[in-house]
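Each chain, written out:
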Amino acid sequence: MSGGAEPRRPVVPDLAFEDRMATVEFRVAEKAHIVVDSDICRSCTTKACVTACPANLFVPTADGGVLFNYEQCFECGTCYLVCNSEGALTWEYPLGGHGVVMRSS
Amino acid sequence: MAEAFDVVVVGAGPAGSAAALVAARGGLRVCLLERGPFPGSKNMYGGVTYGRVLDDLVPRWWDEAPVQRWVTRRSTMIATGSQSVTVEVQSEAWGAPPYNGATMFRSEFDQWLAGKAEAAGAVLVTGTTATGLRRDGLGRVTGIETDRPDGAVEAKLVIACDGVNSFLAKEAGLYANFSSEHFTLGAKEVLHLGKEEVDRRFGLVDRQGLDIEIVGLTQGIPGGAFLYTNLESVSVGVVVSVEALGRSGVRPEELIAGVKRHPSVAPYLRGADLMEYSAHVIPEGGFDTMPKLATDGLLVAGDAGAFCLAAGVFLEGVNFAIGSGRAAGETAVAAVAAGDTSTLGLAAYEQSMARSFVLADHKKMRRAPEIILSERMQLQYPGLLCDVAEQLFTVTNPTPKPGLLRLLRRGRRRHGIPLAGLVKDGYVGWRTFG
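These numbers come from a predicted model, not from an experiment. (Residues numbered from 1 in each chain as written. Chains lettered and ligands numbered in written order. Predicted model: local features only at pLDDT ≥ 70, side-chain atom pairs only at ≥ 80, totals over all residues.)

Describing the overall build of chain A
Alright, step 1. Assigned secondary structure in chain A consists of 4 helices and 6 strands.
Alright, step 2. Helices (α) and strands (β) of chain A occur, in sequence order from the N terminus, as α-β-β-α-α-β-β-α-β-β.
Alright, step 3. The principal-axis extents of the C-alpha atoms in chain A amount to approximately 55 × 40 × 25 Å.
Alright, step 4. Expressed as a percentage of the 105 residues in chain A, the buried residues total 38%.
Alright, step 5. If you take every contact in chain A between residues at least 6 apart in sequence, the share linking residues at least 24 apart comes to 67%. (Helix = DSSP H or I, 4+ residues; strand = E, 2+ residues; numbered from the N terminus. Buried ≥ 20, exposed ≤ 12 C-beta atoms within 10 Å, placed from the backbone. Contact = placed C-beta atoms within 7 Å.)

As for the overall build of chain B
Alright, step 1. Helices and strands together make up the secondary structure of chain B, namely 14 helices and 19 strands.
Alright, step 2. On C-alpha atoms alone, chain B measures out to a radius of gyration of 23 Å, which is about the 22 Å that the 2.2 N^0.38 rule sets for 434 residues.
Alright, step 3. If you line up chain B on its principal axes, its C-alpha atoms span 90 × 50 × 40 Å.
Alright, step 4. A burial count over chain B gives 56% of its 434 residues as buried.
Alright, step 5. Across chain B, every contact between residues at least 6 apart in sequence was considered, and the portion connecting residues at least 24 apart equals 72%. (Rg over C-alpha atoms; globule rule 2.2 N^0.38 Å.)

Quick notes on the domain arrangement of chain B
Residues and elements named next belong to chain B.
Alright, step 1. Along its sequence, chain B is carved into domain 1 (5-66 + 105-178 + 291-366), domain 2 (181-283) and domain 3 (374-433).
Alright, step 2. With centres defined by C-alpha atoms, the gap from domain 1 to domain 2 works out at 28 Å.
Alright, step 3. At the junction of the two partners, domain 1 supplies 11 residues and domain 2 supplies 14 residues.
Alright, step 4. Counted by class, the side of domain 1 that touches domain 2 contains 7 nonpolar, 3 polar and 1 charged residues. (Domains from an automatic or database assignment. Nonpolar A, V, L, I, M, F, W, Y, C, P; charged D, E, K, R; others polar.)

Looking at the interface of chain B and chain A
Accessible area lost during the coming together of the parts is what is often quoted as the interface size.
Alright, step 1. Taken together, the contacts link 58 residues of chain B with 41 residues of chain A.
Alright, step 2. At the level of secondary structure, the elements contributing two or more residues to the side of chain B that touches chain A comprise helix 2 (106-119), strand 11 (183-192), helix 5 (242-248), helix 6 (252-261), strand 15 (273-283) and helix 12 (375-392) of chain B.
Alright, step 3. Top contributing element to the side of chain B that touches chain A by residue count: strand 15 of chain B, with 8 residues.
Alright, step 4. Across the side of chain B that touches chain A, the residue classes tally to 20 nonpolar, 23 polar and 15 charged.

A short note on the pairing of strand 13 (residues 223-229) of chain B
Residues and elements named next belong to chain B.
Alright, step 1. For strand 13, the tally of buried residues reaches 7 of 7 residues, placing the bulk of the element in the interior.
Alright, step 2. Residue alternation in strand 13 divides its side chains into two sets, Gly 223, Ala 225, Leu 227 and Thr 229 and Gly 224, Phe 226 and Tyr 228, and both sets are buried.
Alright, step 3. The pairing of strand 12 (residues 208-215) with strand 13 spans 4 bridges and is classified as antiparallel. In the strand pairing of strand 13, Asp 211 is matched with Tyr 228.
Alright, step 4. As judged from the 7 bridges shared by strand 13 and strand 14 (residues 233-241), these two strands associate in the antiparallel manner. Opposite Gly 223, over in strand 14, you have Val 240 as the bridge partner.
Alright, step 5. Linking strand 13 back to strand 14 in an antiparallel pair, the connection comprises 3 residues. (Pairing = 2+ DSSP bridges.)

Notes on the nonpolar core
Residues and elements named next belong to chain B.
Alright, step 1. Formed by 157 residues in total, the largest nonpolar core has its most connected members in Val 9 and Ile 159.
Alright, step 2. Looking at this core, the element that brings in the most residues is helix 8 (residues 318-338), giving 9 residues.
Alright, step 3. Those residues within four positions of Val 9 in sequence are excluded, and the remaining contacts are Gly 16, Ala 19, Ala 20, Val 30, Cys 31, Leu 32, Leu 33, Ile 159 and Cys 161. (Core = buried A, V, L, I, M, F, W, Y, C linked by C-beta atoms within 7 Å.)

Structural notes on the pairing of strand 12 of chain B
Alright, step 1. Summarising burial for strand 12 of chain B: 8 of the 8 residues are buried, a large majority.
Alright, step 2. Along strand 12 of chain B, one buried face is formed by B:Gln208, B:Leu210, B:Ile212 and B:Ile214 and the opposite face, lined by B:Gly209, B:Asp211, B:Glu213 and B:Val215, is buried too.

Observations regarding helix 1 (residues 14-25) of chain B
Residues and elements named next belong to chain B.
Alright, step 1. Between the first and last C-alpha of helix 1 there are 16 Å, a value that for 12 residues agrees with the 16 Å anticipated at 1.5 Å per step.
Alright, step 2. Counting buried residues in helix 1 gives 11 out of 12 residues, a clear majority hidden from the surface.
Alright, step 3. Every buried residue of helix 1 is listed here: Pro 14, Ala 15, Gly 16, Ser 17, Ala 18, Ala 19, Ala 20, Leu 21, Val 22, Ala 23 and Ala 24.
Alright, step 4. In this structure, the buried residues of helix 1 make contact with strand 1 (5-10), strand 2 (30-33), helix 2, strand 10 (153-160) and helix 8.
Alright, step 5. Immediately beyond the C-terminal end of helix 1, within one or two residues, lies Gly 27, with a positive phi of roughly 95 degrees. (Expected span 1.5 Å × (residues − 1).)

Observations regarding the packing of helix 1 of chain B against helix 8 of chain B
All names here are of chain B.
Alright, step 1. Put simply, helix 1 and helix 8 touch, their axes get as near as 7 Å, and they point 30 degrees apart. When the axis of helix 1 is compared with that of helix 8, the two are roughly parallel. Considering the relative orientation of helix 1 and helix 8, their crossing is right-handed. For the pair helix 1 and helix 8, the contacting residues are Pro 14, Ala 15, Gly 16, Ala 18, Ala 19, Ala 20, Leu 21, Val 22 and Ala 23 in the first and Val 318, Ala 321, Ile 322, Ser 324, Gly 325, Arg 326, Ala 328, Gly 329, Glu 330, Ala 332 and Val 333 in the second.
Alright, step 2. Residue classes in the contact of helix 1 with helix 8 are distributed as 14 nonpolar, 4 polar and 2 charged. (Axes fitted to C-alpha atoms, helices over the stretch in contact; angles between N-to-C directions. Parallel < 35°, antiparallel > 145°, perpendicular 65-115°, else oblique. Left-handed = near helix turned anticlockwise from the far one by under 90°.)

Here we look at the environment of B:Gly47
All names here are of chain B.
Alright, step 1. As for its position among the elements, Gly 47 is in the loop between strand 2 and strand 3 (48-50).
Alright, step 2. By C-beta crowding, Gly 47 is classed as buried, having 25 other C-beta atoms within 10 Å.
Alright, step 3. Once the C-alpha coordinates of Gly 47 and Leu 227 are considered, the two residues, 180 residues apart in sequence, prove to be 8.6 Å apart.
Alright, step 4. Once residues within four sequence positions are removed from consideration, Gly 47 is found in contact with Thr 103, Asp 211, Phe 226, Tyr 228 and Ser 235.

This is the structure in structure tokens:
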């Protein structure tokens, strides 16, 4: 019997991530609504945003920082909630009428 | 300068549209502000809308609301990686007026409800983001700033229905005990199958629908999973603690993939194509994590006020949004008529909700979030229940049947659950749900 506490075992999704994001409409604003201060991120040991962002927009860089791309953002707020480095994230909603547009959810 | 509006409602989700509808019907001049290109464009959810709260707001709403399917089968599945135990409630009554729960797409439902507010006289302004509060010298809220040129909107009252991140409620200082521990992330895939295939795979006809809520399939990260039917598609996803997710090293789409791979789920989804992936944060902390709901010139409703019941077997949000929005609209009508939108003049808001399900359900189930998200409920109990059920129905001839009590004792030991803990959880559970 294999019941009981299951070890965490990441399952590889059946779809490439860019194909997943291609199902979502984004009306990209010219100005980024989230700004990441990579200098502050360099001292962050957890980088929880890299794991938790559902759009996978936070990419760790070779120098220990974080590269962020605002264009395919769900505007959910997960990143600022899990961020434990004061000042690393500047977060606001995109310009009205821009950003994510969900239709079948 | 005299205000052009009595009330400005920020956010045309279910809370905002209900507030605007009630306030406009009460004769107020109402501005309903939405940052998306249309109401619902920023919104998604993990499932089911319970419409009883709409009955007297929109009589016979079920004849016109954009419903995907009526939930006639409601399942709760307790699972481990390789087992599951499911309790399903099926009701013919739920498939006929006045119905019970419905699956919907928020882009459709939120637009429909905002249309009701417009028809009642509210002015819907889309594509406009509220960027802050306007206040007078005494700190009283007198309107909002927006991102339009000269976009300030003055009003006697602001109703903040600006969602789970509510920057307006935070700016007003209403979130004294804000903590990221009170929030979960919902991530979802909508998978296309076609109506016939949904009907065939799930055993449904016409507009009948199935909703399965799942505990135990989030790989130890506190939360849950779901699978439910839309008309031509199915929605599958997870809801997990944001903090635990961040610590886990497992990404949201991997969690969904784990749910989809489970032997109790996979056969339903074979060959289905992804229509839309989406995500949203949910305020799941319950009653004790709610902000202050009113201050001079400002009311807070919907997700902005943490009106979202995530209590294990009960998972409801849209109805609480509508219920709180409605109470805010009614309070606005009375307060504007009385010429008093101060904190004191708005006291009826919380009082009326305390008398109805909106706050009463939350208060009764205030301990539910901690129970549901506890490690025992997430890992140990699913394992115990699945093992006991599996062994109960595993015929071990020629060994005689062990009996339920022995199985329970064996399972408890195997999963390291002390009897005292079981009794305590049982007691708290009874106090919460009984």
